Amino acid sequence: MIDFAGRVVVASSTGKRVVIGAFEHSAVVVDLSTGNISNKLETTFDFGGRRLALSDEMDAVVAAAFHTYGVASYCCRTGRERWRRKDIQGGATSVAVCRRCHRILRKGRGGS
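Residues numbered from 1 in each chain as written. Predicted model: local features only at pLDDT ≥ 70, side-chain atom pairs only at ≥ 80, totals over all residues. Heavy atoms only, no water.

> Describe the sheet that holds strand β4 (residues 41-46), with residues and values.
Within the open sheet, the 4 strands sit side by side as β1-β2-β3-β4. Their pairing is antiparallel. Pairing within the sheet leaves two strands with one partner each, and these edge strands are β1 (8-11) and β4. Averaged over all neighbouring strand pairs, the angle between strand axes comes to 35°, with direction disregarded. Bridge count for strand β2 (residues 17-21) against strand β3 (residues 24-31) is 5 bridges, and the pairing is antiparallel. By the bridge assignment for β3, Val19 is matched with Val29. (Pairing = 2+ DSSP bridges. Helix = DSSP H or I, 4+ residues; strand = E, 2+ residues; numbered from the N terminus. Axes fitted to C-alpha atoms, helices over the stretch in contact; angles between N-to-C directions.)

So, in structure tokens, the structure goes:
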């Protein structure tokens, strides 16, 4: 059983895991085949829009925020921040993971 107040669930790039995001910042990764749950990750995730993604290939959670924090990537195992882009932010920012090209995709204002 998960003792976590999740508000959004997003499938990973392969569908083997899901990331569950709380209303603000916290997230956990669940392996659907084993039921294993990661330690709680503290991210920049802000609720609303598509601001959470999970890559099995990169073993990374990608989270976006409406203001200030931008987009960041976190290691699923350790929870450590791998990188952050504060220049990518705003209400229209959403993130996704491309399975074939191992890249983080984002959509912002003006469809970029």
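Resuming the write-up.
> If you had to explain the pairing of strand β6 (residues 60-64) to someone new, which residues and values would you point to?
β6 sits mainly inside the fold: 5 of its 5 residues count as buried. Burial along β6 is two-sided: Ala60, Val62 and Ala64 facing one way and Val61 and Ala63 facing the other are all buried. Examined bridge by bridge, strand β5 (residues 52-55) and β6 share 4 bridges and lie antiparallel to one another. Bridge pairing in β6 links Leu52 to Ala63. Between β5 and β6, which pair antiparallel and follow one another directly, the connecting turn spans 4 residues, one of which, Asp59, has a positive phi of 50°. Summarising the sheet, β6 and strand β7 (residues 71-75) pair through 5 bridges and their orientation is antiparallel. Each residue of the ladder has a partner; that of Val62, found in β7, is Ser73. Taking the residues between adjacent antiparallel strands as the criterion, β6 and β7 are bridged by 6 residues, where Thr68 takes a positive phi near 65°. (Buried < 20%, exposed > 50% of the residue type's maximum accessible area, 1.4 Å probe, protein only.)

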